[in-house]
Amino acid sequence: MTISKTEALIAARIALGEVAALGGGDAGPTVDAGFLRRLLLGLPFPAADHEAVADQHPGYPIPAGEAPVPIAAPGLRISGAIIRGVLDLSDCIGHGGPG
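Draft legend 1. Summary view of the packing of aromatic side chains. The final tally for this structure, using the stated rule, is one aromatic pair. Plain terms: the ring middles of Phe35 and Phe45 are 5.8 Å apart, the flat faces sit at 65° to each other, and that makes the pair edge-to-face. With a gap of ten residues between them, Phe35 in helix H2 (residues 33-41) and Phe45 in the loop between H2 and helix H3 (47-56) connect regions that are remote in the sequence. Take Phe35: its relative accessible area is 0%, and that puts it in the buried class. On the accessibility criterion, Phe45 (1% relative accessible area) is buried. Just above the ring of Phe45 sits the side chain of Arg38; from NZ or CZ to the centre is 3.8 Å.

What follows is the structure in structure tokens.
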């Protein structure tokens, strides 16, 4: 899976701890639900995806292999995007374990 430019921008913003403000409206940019799921669960992304994030965030450290995208405090904040697909987080346990 290769992330889109919009998804790379989201990853860059959350790595900086910023809101990924993408405009909005009925025709806002789309974000794949699978991308958000991988991001929220701290699943690894391939180096090529990290390179796409670095294009949006100069200075972003590109790992040597697969690694999760770092999420800085205060976490994932997105506005103005349309989620494509079903974002199913049921039965998921994140990095910190059960809630």
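And the narrative resumes.
Draft legend 2. The arrangement of the environment of Ile83 in detail. Along the chain, the position of Ile83 falls in strand S4 (residues 82-84). Look at Ile83 and you get partly exposed, because its relative accessible area is 44%. The sequence separation of Ile83 and Gly28 amounts to 55 residues, and the corresponding C-alpha distance is 9.7 Å.

Rules behind the numbers
Residues numbered from 1 in each chain as written. Predicted model: local features only at pLDDT ≥ 70, side-chain atom pairs only at ≥ 80, totals over all residues. Heavy atoms only, no water. Phe/Tyr/Trp six-rings, centres within 6.5 Å; stacked < 30°, edge-to-face > 60°. Helix = DSSP H or I, 4+ residues; strand = E, 2+ residues; numbered from the N terminus. Buried < 20%, exposed > 50% of the residue type's maximum accessible area, 1.4 Å probe, protein only. Lys NZ or Arg CZ within 6 Å of the ring centre and 35° of its normal.

Note that all results are geometric; they support no functional claim without further evidence.
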